[in-house]
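Examination of the molecular architecture
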Amino acid sequence: MHSAEKPSLYDRLGGVYSIATVVDDLIDRLMVDPRLNANPLVDEAHHRVPPAGFKYLVTEMVCWAAGGPQKYTGRSMADSHAQLKISGKEWEAFLDDFQQTLDKFKVPAAEQAELRAIVNSTRADIVVDSAHPPAANS
Ligand code: HEM
């Protein structure tokens, strides 16, 4: 059988309802993660931003990046994260939360890898020390 064009990541994930459900769980996890809230700038923003709007924007973005019909209407990753001064260690904590969410919903390995690639493509815009790592304590 000749395979037709491969369905988009968006369709393979189950569309907006599935993606919104995953984002809902992930944001709930991130907003209370003490490894992230140890950064006072992140803690302040996590308590200022209404979770429903935050979830809406992240859902919109993931749907768009996965090939769905949505258009992302939020700010750029650099604009929305630069002031938070997110470190490489905090990024690792984020990835750990992300992995826990993907596993909870039993997202298949291939789709997990594609989602990780989307997330990793934003790292340089989000982590402050990715381009210029701070000098070791010397
Ligand atoms: C360590 C990792 C991350 C932390 C601690 C973090 C934290 C935050 C916080 C606190 C805000 C609210 C900023 C504000 O309004 O003042 C925000 C906004 C946002 N973040 Fe993140 N974020 C992280 C990674 C990511 C990643 C990987 C993505 C997507 C792939 C993402 C997508 C968004 C979006 C779409 C917004 C809304 C932008 C807007 O307000 O228009 N974030 N993030």
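The notes below deal with the structure included here. (Residues numbered from 1 in each chain as written. Predicted model: local features only at pLDDT ≥ 70, side-chain atom pairs only at ≥ 80, totals over all residues. Heavy atoms only, no water.)

**Things to note about the coordination of the iron atom of the ligand**
Put simply, the rule is: Only nitrogen, oxygen and sulfur atoms count as donors, using a 2.8 Å cut-off from the metal that widens to 3.2 Å for Na, K and Ca. Water is left out, so coordination shells may look unfilled. The helix count covers DSSP runs of H or I at least four residues long, the strand count covers runs of E at least two residues long, and both are numbered beginning at the N terminus.
Looking at the iron atom of the ligand, one finds just one donor atom contributed by the protein, His81 (NE2), at 2.0 Å. Note that histidine 81 resides in helix α6 (residues 77-81).

**So, the nonpolar core**
Keep this limit in mind: Only buried residues count toward a nonpolar core. Its members are Ala, Val, Leu, Ile, Met, Phe, Trp, Tyr and Cys residues joined through side-chain atoms within 4.5 Å. Only protein chains enter the accessibility calculation, which uses a 1.4 Å probe; a residue whose area is less than 20% of its type maximum is buried, one above 50% is exposed, and one in between is partly exposed. Residues count as neighbours in contact if any of their non-hydrogen atoms are within 4.5 Å of one another.
In this structure, Leu13, Ile19, Leu30, Phe98 and Leu115 are the most contacted members of the largest nonpolar core, which totals 29 residues. Those elements that provide at least two residues to this core are α1 (9-13), α2 (15-31), α4 (40-48), α5 (51-65), α7 (88-104) and α8 (109-120). Of the residues forming this core, the biggest block, six residues, is contributed by α2. Excluding its chain neighbours within four sequence positions, the residues that come into contact with isoleucine 19 are Tyr10, Leu13, Thr59, Val62 and Cys63.

**A closer look at the layout of surface pockets**
The test is simple: Detection works on a 1 Å grid of protein atoms alone, calling trapped sets that fit a 1.4 Å probe cavities and calling open sets with protein on both sides within 12 Å along at least five of seven lines pockets, with lining residues defined by an atom within 4 Å of a point. Grid points are joined across faces, edges and corners, and a volume is the space filled by probe spheres set on the points. The residue classification treats Ala, Val, Leu, Ile, Met, Phe, Trp, Tyr, Cys and Pro as nonpolar and Asp, Glu, Lys and Arg as charged. All others, Gly included, are polar.
Computed from the structure, the largest pocket encloses a volume of approximately 1,200 Å³. Along the walls of the largest pocket sit 49 residues, with Ile27, Phe54, Val58, His81 and Phe94 positioned nearest its centre. Counting only elements with at least two residues in the lining of the largest pocket, the list comes to α1, α2, α4, α5, α6, α7, α8 and α9 (123-126). A total of eight residues in the lining of the largest pocket trace back to one element, the largest contributor, which is α5. Residue classes in the lining of the largest pocket are distributed as 34 nonpolar, nine polar and six charged.

**Describing α2**
Which entries qualify depends on this criterion: Expected span, for any helix, means 1.5 Å times one less than how many residues it has.
Taking 1.5 Å of rise per residue, the 17 residues of α2 would be expected to cover 24 Å, and the 24 Å separating its terminal C-alpha atoms lies within 8% of that figure. Here α2 has its buried residues at Gly15, Ile19, Val22, Val23, Asp25, Leu26, Ile27, Leu30 and Met31.

**Examining the site of the ligand**
This is how the line gets drawn: Residue proximity to a molecule or strand is established when one non-hydrogen atom of the residue lies within 4 Å of it. Counting of polar contacts relies on pairs of N or O atoms within 3.5 Å, with two restrictions inside protein: one atom must be capable of donating a hydrogen and the other of accepting it, and residues adjacent in sequence are counted only when both atoms are side-chain atoms. Here the criterion for a molecule occupying a pocket or cavity is that more than half of its atoms lie within 2 Å of the pocket grid points.
The full set close to the ligand counts 24 residues, and Arg48, Phe54, Tyr72, Arg75 and His81 are the nearest of them. Here an oxygen atom of the ligand and a side-chain polar atom of glutamine 83 are 3.5 Å apart. The cavity where the ligand resides is the largest pocket. Listing elements by their share of the shell around the ligand, those giving two or more residues are α4, α5, α6 and α7.

**Considerations on the packing of aromatic side chains**
Any pair of aromatic rings gets described here by the distance separating the centres and the angle formed by the planes. Stated precisely, the cut-off is as follows: By convention, a stacked pair of Phe, Tyr or Trp rings (six-membered ring in the case of Trp) has centres within 6.5 Å and planes under 30 degrees apart, an edge-to-face pair has planes over 60 apart, and any other such pair is tilted.
Applying the stated criterion across every chain, the model contains two aromatic pairs. Residues tryptophan 91 and phenylalanine 94 carry aromatic rings whose centres are separated by 5.5 Å and whose planes lie at 25 degrees to one another, so their mutual orientation is stacked. Taken together, the residues tryptophan 91 and phenylalanine 94, both in helix α7 and three residues apart, mark about one turn of the helix. Of the two residues, tryptophan 91 and phenylalanine 94, both sit in the buried class. Centre to centre, the rings of phenylalanine 94 and phenylalanine 98 are 6.1 Å apart; their planes meet at 15 degrees, and the pair counts as stacked. Of this pair, phenylalanine 94 and phenylalanine 98 both sit in helix α7, four residues apart, which is roughly one turn of the helix. Every member of this aromatic cluster is reached through a ring pair, and the members are Trp91, Phe94 and Phe98.

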